[in-house]
Amino acid sequence: MRHIRPDRTTPNGKVAGVLTGVDATDQPRTVIADDDVRYTEAALADAVGRLTRAGIVAPQNHFRPLPWHARWDTARSLINRALGADYPGTLVVRREFAADGYRGDVLFENLELLRTVEARGGRVEWAKDLFVERRPPTPAHFRSQRIRQAYDSFAQPARLAAELTLLPALLLQARRPLGYLMWAAAAIAVAERGSRVDGGRRIYPTTAALWAPAWVAERAVTAWLAVGWRALGGVPYAGGRLRHAASSARRLRRAASVERAPLERRALR
């Protein structure tokens with residue numbers, strides 16, 4: 001194993017680390033992981049093996065151990081699983097799709113890489129049945145992530161619009177407080193659905209979905225705080241600000257087509 005200092009600077013330092021690692025190897029498959037991710041040998045082999053049919057693989061992270069704030073954030077993962085897929089702190093990618101790099105001035109760098117690979121013709125495999133542990137953050141770090149995670153929704157406009165409706169709807173419900181029980185029941189039902197997707201019941205505790213109302217209430221507030229950060233120029237990050245959450249899929253497809261054009265012209269000659 002080699003420990004390499006990043007050889008470039010990007011506003012989002014994680015991207016600098018990834019690109020340094022990709023440049024340092026000629027291996028066809030690359031595993032990207034935050035430092036709190038813990039693969040087992042079997043999970044690692046499974047993730048890498050799935051690249052035979054995909055350009056990039058996104059496993060499902062889950063926290064171990066489970067202090068209160070990890071249970072709170074687990075509710076977010078369960079809701080994401082129910083409504084689509086959760087974005088992990090680890091990805092496995094074929095080198096040909098990552099060798100040309102990806103944008104390093106966005107907050108939601110994992111989504112940026114996923115969309116970049118897809119724009120370059122790689123298939124994304126959402127491996128919701130492949131569970132990989134990660135260690136929970138400290139409570140202080142967890143608190144610092146609340147608005148940043150809400151800011152990620154700027155990369156998903158439909159989701160952001162839905163999240164921005166939560167706070168007005170909850171405030172209107174104050175006239176009939178019993179309605180909050182229906183909101184809570186709905187949030188728990190969605191999270192419970194996410195816990196049952198692709199074998200999740202063997203991983204998530206039976207009480208995990210009960211934290212969903214707390215997370216929904218949090219997002220109802222932090223979505224609007226993220227709008228405030230956007231108005232101020234972006235989310236504070238490493239002494240600066242990141243205005244963009246991630247590039248749109250359309251923009252990346254257009255950029256990929258421009259990159260391919262010279263190669264296609266040379267092939268015709």
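Just above sits the structure.
Residues numbered from 1 in each chain as written. Predicted model: local features only at pLDDT ≥ 70, side-chain atom pairs only at ≥ 80, totals over all residues. Heavy atoms only, no water.

Turning our eyes to something else, we now look at the pairing of strand 4 (residues 90-94). With four of five residues buried, strand 4 lies mostly within the body of the structure. Pairing of strand 1 (residues 29-33) with strand 4 involves five bridges; the strand directions are antiparallel. Within the sheet, the bridge partner assigned to threonine 30 lies in strand 4 and is valine 93. (Buried < 20%, exposed > 50% of the residue type's maximum accessible area, 1.4 Å probe, protein only. Helix = DSSP H or I, 4+ residues; strand = E, 2+ residues; numbered from the N terminus. Pairing = 2+ DSSP bridges.)

Of note, isoleucine 56 is situated in strand 3 (residues 56-63). When the C-alpha atoms of isoleucine 56 and phenylalanine 97 are compared, they prove to be 8.4 Å apart, with 41 residues separating the residues in sequence. Leave out the neighbours within four places in its chain, and isoleucine 56 touches Leu51, Leu91, Val92, Val93, Leu113, Leu114, Val117, Arg123, Val124 and Glu125. (Contact = heavy atoms within 4.5 Å.)

Taken in spatial order, the five strands make up an open sheet running 1-4-3-5-2, and their pairing is mixed. Strand pairing shows two members of the sheet lacking a second neighbour, strand 1 and strand 2 (37-38), which therefore form its edges. Helix-sheet contacts for helix 2 (residues 41-49) involve strand 1, strand 3, strand 4 and strand 5 (124-134), and the interaxial angle to strand 5 is about 165°. Seen against the sheet, helix 5 (residues 109-119) touches strand 1, strand 3, strand 4 and strand 5 and runs at an angle of roughly 25° to strand 4. (Axes fitted to C-alpha atoms, helices over the stretch in contact; angles between N-to-C directions.)

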